[in-house]
Structure formats: C-alpha cells, structure tokens
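# Descriptive analysis of the structure
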Amino acid sequence: MTIEREGRRIRRRLAKGCGMGKDWVMEIMIRARRNRRSAAIRGLVRETRLSVEDLILPVFFHDDAEDVAIESMPGCTRWSVEGLMKEVSAVYALGIRAMVLFPKISESLKSSDGAECANNDGLVPRVIREIKEVCPGMCVITDVALDPYSSDGHDGIVMRGDHGELKILNDETVEVLCEQAICHAKAGADIVAPSDMMDGRVGAIRVALDEAGFEEVGIMAYTAKYASAFYGPFRGALDSAPKEGDKRSYQMDPGNVREAVRELLMDEEEGADIVMVKPAGPYLDVIARLRDETTLPVAAYQVSGEYLMIKAACAGGWLDEKAVVMESLLGIKRAGADMILTYFAKDVAGWIKY
Ligand code: PBG
C-alpha cells in the first residue's frame, strides 16, 4: 500500500468520525519504529558508535611554573610541564591514547622566521621526551606550523611585498617546517601534524623524515583546513593571533569543497598517513566527501570555537552538556571521521564505556 493511499484512507475515516477506536490498526506493513522499541533493539541497530579509541586530546602548556585556567576556553588549562605530566597520566588512565601538543612560547623566543620551532632543547621536544618517559604508550602527535614561534603570529615566514602587503613565503617556510618535524621526531613524536597549509609540505616533510631515519613517524596532514572564525579561543589560549592581516592566503575558503578534494589528492600523493578536516561541525559535508574520495583514515578537529559554543550554552543552563557533546561528536563520526580531535575528550572518556 502506498503512503498516499494510506493517507487518503485515514482522512476518510477521520471524516466519518468512526473506526478510530482502540482496536483500530492501520494496514501498514512497514513500521520503522519497531527498530526503536527498546534500548536493546536500538543498541543492535545503531550504525555509529563513539569509542575512547577514536579520541585525540589537544593539550596546551607553557614553560611557567603555574597551571593557568584558559579564559577563552572554560574548563581548559594551560599546564606547566609538571602539571602536564600529571594530566597525561590521568588522561591515559581514562583510556585516551593520543594527544596533540600545543605550546605557548614566551614572547622573547619568538622571531620572524620562528627558528625556535626546531630547537632540540625547546619546550615541545622536552615535553615529548617527558611524556614518553611517564607514559610510553601514549601516541604523541605534534603540530607543525610556525605560529606559536612567529613574532608575526602567522603559520609561515612573513615578508612584505612591494606595496607593503603581507606575503607568507611558501618554500622558505617548508624548509623550516622540515626542521621542526625532524626535531619533534628526534624527541620521540609518533606522528607530526602539519597545520600550516603551505604547498608541498607533506612531501617535503616525508622526505626529510625518511632521510633522517624516521621513516616510522607518521604524518597527519591538515588537508582541508579552513580560514575559520572558529579558531578565536585557541589563539587567545596561545596568544598566537596574527599581528597583522589574516590567514586567508593559505587556509581554505569556507565556501569550497572541490578544493578540499584537490588538497586531498596532493596530500595522498605526498605520502600523508592520515588526512584531516578542520573545523568539524560546520564542515560535515567536507568530512563525508573526503571519506568517499580516499582510503586513508580521516580525522576531524572539533575546534576551540565549537567547544566554546557548547560550553557557553551549557553554562547558561540552555543545553544539556553531556547529551550535546555526545551528539556533536557522533555527528562528526557519522559523517565519516575515523578519529576526532576534541577538547571534550576527557569528559567523553569518563562518560562512555569502552
Ligand atoms: C595553528 C593551529 C590553529 C589551530 C590548530 N593549529 C590556529 C590557527 O590556524 O590559527 C586551531 C585549533 C582550534 O581552534 O581549536 N597552526
């Protein structure tokens, strides 16, 4: 029986005002609600599940002795190195097996070429070594980009053009990024994650790592990283906002999805092990598209602004935090993400059984 016929039939009965007693049964054979009848059945038919193993926790830290609450990201802390080590153990005990590191570098170490990024005794390599000591099973992922080290707050080396305009130099930046990646690998990083969006950096980093004997170190490429307004709270956390201009000459235009596939093809060819879409929530179609186009694992980054929106709405009592966080992450996974970087990782690990 077609839906249309069924509708006509119901309207006829209603018009007659009869036949709608408690024994009345519609003559439909297909009822989707049968599969939603009980928690047990819903569990059997559920298509997407979140696991602690899907989660990657981004962490912030600095070289000061104090752990500082991050104002722009309520619930997040910028750890001292000592505080971070305690956090790593706590996080591991919750079942989280991967972290990505974001340092706040002191102003005095920043420069226009970001040279501090490849200092083997710098904050990041020291932290990597300590994490591997405290918690050898933790997968340590590092961000490869110059912004925390750049006195200009850009992901690459900045030059001024003939008309005073800012130029972010591509090839010169890639050379420094290769040194940064090797520095992280030497310290024990498992995966490096170039987030800079320079052209050719994945291939160059792959070659540099291999030549330095780090062929086992993986590359998680920020493949489709958009020039998004959702990064605001993160830049507040690290004091890394561009001093001048914006990042639109290297990060992607929010209107584009074919271009994400183009970036994907380049990153695949250049040897990426994992590809990423960032932000996640407003770009679910991009996640789904990359999932369809590649056999590589796809990561998605639920960024600081997505985190803050949920936190703020819940702090106001407007939304139920646990329910909304789980739904937001499930949506990202359903769209096609194999793994998710999220500031909620710790909460989620406490909420789900694995
Ligand atoms: C830096 C970097 C940024 C984020 C991750 N790596 C900021 C930016 O590109 O300006 C943003 C993460 C977030 O907002 O949670 N290359």
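Residues numbered from 1 in each chain as written. Predicted model: local features only at pLDDT ≥ 70, side-chain atom pairs only at ≥ 80, totals over all residues. Heavy atoms only, no water.

### A short note on the site of the ligand
Which entries qualify depends on this criterion: Throughout this document, a residue counts as near a molecule or strand when at least one of its heavy atoms sits within 4 Å of that molecule or strand. Note on areas: these come from Shrake-Rupley sampling with a 1.4 Å probe, and a residue is covered only by the protein chains present in the view. In the scheme used here, Gly and all other residues not listed as nonpolar or charged are polar, with Ala, Val, Leu, Ile, Met, Phe, Trp, Tyr, Cys and Pro taken as nonpolar and Asp, Glu, Lys and Arg as charged.
In the vicinity of the ligand there are 18 residues, among which Lys-225, Arg-235, Lys-278, Ser-304 and Tyr-343 approach most closely. When the ligand is considered free in solution it has 400 Å² of accessible area, and contact with the protein chains removes 100% of it. Looking at side-chain class alone, the shell around the ligand contains 8 nonpolar, 3 polar and 7 charged residues.

### Comments concerning the pairing of strand β8 (residues 191-194)
Inclusion rule: Any residue under 20% of the maximum accessible area for its type is buried, any over 50% is exposed, and the rest in between are partly exposed; the area is computed with a 1.4 Å probe on protein chains only. Under the scheme used here, helices are H or I runs from DSSP no shorter than 4 residues and strands are E runs no shorter than 2 residues, and both carry numbers assigned from the N terminus. A strand pair is defined by DSSP finding two or more bridges across the two strands. If you view a crossover with the strands going away from you and the path from the first strand over the helix to the second runs clockwise, you call it right-handed.
Of the two faces of β8, the one holding Ile-191 and Ala-193 and the one holding Val-192 and Pro-194 are both buried throughout. Where strand β5 (residues 139-144) lies against β8, 4 bridges are found, and the strand directions are parallel. Its bridge partner being in β8, Asp-143 is matched across the sheet by Ala-193. Here β8 pairs with strand β9 (residues 218-225) via 2 bridges, running parallel. Within the sheet, the bridge partner assigned to Val-192 lies in β9 and is Ile-219. Between the parallel elements β8 and β9, the chain passes through helix α6 (residues 201-211) in a crossover that is right-handed.

### Comments concerning a negative patch on the surface
Filter applied, for reference: Each patch is built from residues that are more than 30% exposed by relative accessible area and take part in no salt bridge. Like charges join if they lie within 9 Å; nonpolar side chains (Val, Leu, Ile, Met, Phe, Trp, Tyr) join within 5 Å. Salt bridges, as used here, are contacts in which a Lys or Arg side-chain nitrogen is within 4 Å of a carboxyl oxygen on Asp or Glu. In this tally, Asp and Glu contribute negative charge and Lys and Arg positive charge; neither His nor the terminal groups of the chain are included. To locate a charge, the coordinates of NZ of Lys, CZ of Arg, CG of Asp or CD of Glu are taken.
On the surface, Asp-171, Glu-172, Glu-175, Glu-179 and Asp-199 cluster together into a negatively charged patch. As for its placement among the helices and strands, Glu-179 is situated in helix α5 (residues 170-187).

### Some points on the packing of helix α3 (residues 81-93) against helix α4 (residues 123-134)
Short version of the rule: Geometry is summarised by axes, namely lines fitted to C-alpha atoms with helices restricted to the contacting stretch, and by angles between N-to-C directions that run from 0 to 180 degrees. Any angle between 65 and 115 degrees counts as roughly perpendicular, while under 35 counts as roughly parallel, over 145 as roughly antiparallel, and the rest as oblique. Handedness of a helix crossing follows the sense of rotation of the near helix relative to the far helix, less than a right angle counterclockwise being left-handed and clockwise being right-handed. The contact criterion used is simple: two residues touch if any of their non-hydrogen atoms lie within 4.5 Å.
For the pair α3 and α4, the least separation of the axes is 10 Å and the interaxial angle reads 40°. On the basis of their axis angle, the class for α3 and α4 is oblique. Two packed elements cross with a definite hand, and for α3 against α4 that hand is right-handed. From α3, Val-81, Leu-84, Met-85, Val-88 and Ser-89 reach across to α4, where they touch Leu-123, Val-127, Glu-130, Ile-131 and Val-134. Residue composition of the contact of α3 with α4, grouped by class: 8 nonpolar, 1 polar and 1 charged.

### A closer look at the packing of aromatic side chains
What counts here: Here is the rule: rings of Phe, Tyr and Trp (six-membered ring for Trp) pair when centre to centre is within 6.5 Å. Planes less than 30 degrees apart are stacked, more than 60 are edge-to-face, and the remainder are tilted. Only lysine NZ and arginine CZ atoms are considered, and such an atom sits over a ring when it is within 6 Å of the ring centre and within 35 degrees of the ring normal.
For the coordinates displayed, the defined rule picks out 9 aromatic pairs. Both rings, one in Tyr-301 and one in Tyr-343, keep their centres 6.1 Å apart while their planes meet at 50°; by these two values the pair is tilted. Taken together, the positions of Tyr-301 in strand β11 (residues 298-302) and Tyr-343 in the loop between β12 (339-342) and α12 (345-351) put the pair 42 residues apart, joining distant regions of the chain. Ring pairs connect the aromatic residues Phe-60, Phe-102, Tyr-222, Phe-234, Tyr-301, Tyr-307, Tyr-343 and Phe-344, which therefore count as one cluster. Sitting above the plane of the Tyr-231 ring, Lys-225 keeps its charged end 5.6 Å from the centroid.

### Focus on the packing of helix α8 (residues 258-269) against helix α9 (residues 284-293)
Orientation of α8 relative to α9, taken along the N-to-C sense of each, is 40°, at an axis distance of 10 Å. Judged by the inter-axis angle, α8 sits oblique to α9. As α8 packs across α9, the resulting crossing turns out to be right-handed. From α8, Ala-260, Val-261 and Leu-264 reach across to α9, where they touch Val-286, Arg-289, Leu-290 and Glu-293. When the residues that make up the contact of α8 with α9 are grouped by side-chain class, the tally is 5 nonpolar, no polar and 2 charged.

### Points about the environment of Asp-64
Within the secondary structure, Asp-64 sits in the loop between β1 (55-62) and β2 (68-69). Note: C-alpha distance between Asp-64 and Glu-82 (18 residues apart in sequence) is 9.7 Å.

### Here's the deal with the pattern of salt bridges
This model, assessed by the stated rule, comprises 19 salt bridges. Between Glu-107 and Lys-110 there is a salt bridge, with the nearest N and O atoms lying 3.3 Å from each other. Taking relative accessible area as the criterion, Lys-110 reaches 10% and is therefore assigned buried. Among the ionic pairs, Arg-201 bridges to Asp-196, the shortest N-O distance being 3.3 Å. According to the relative accessible area criterion, Asp-196 is buried, its value standing at 0%. Several salt bridges share partner residues, and in doing so they unite Asp-147, Asp-155, Lys-225 and Lys-247 into one network.

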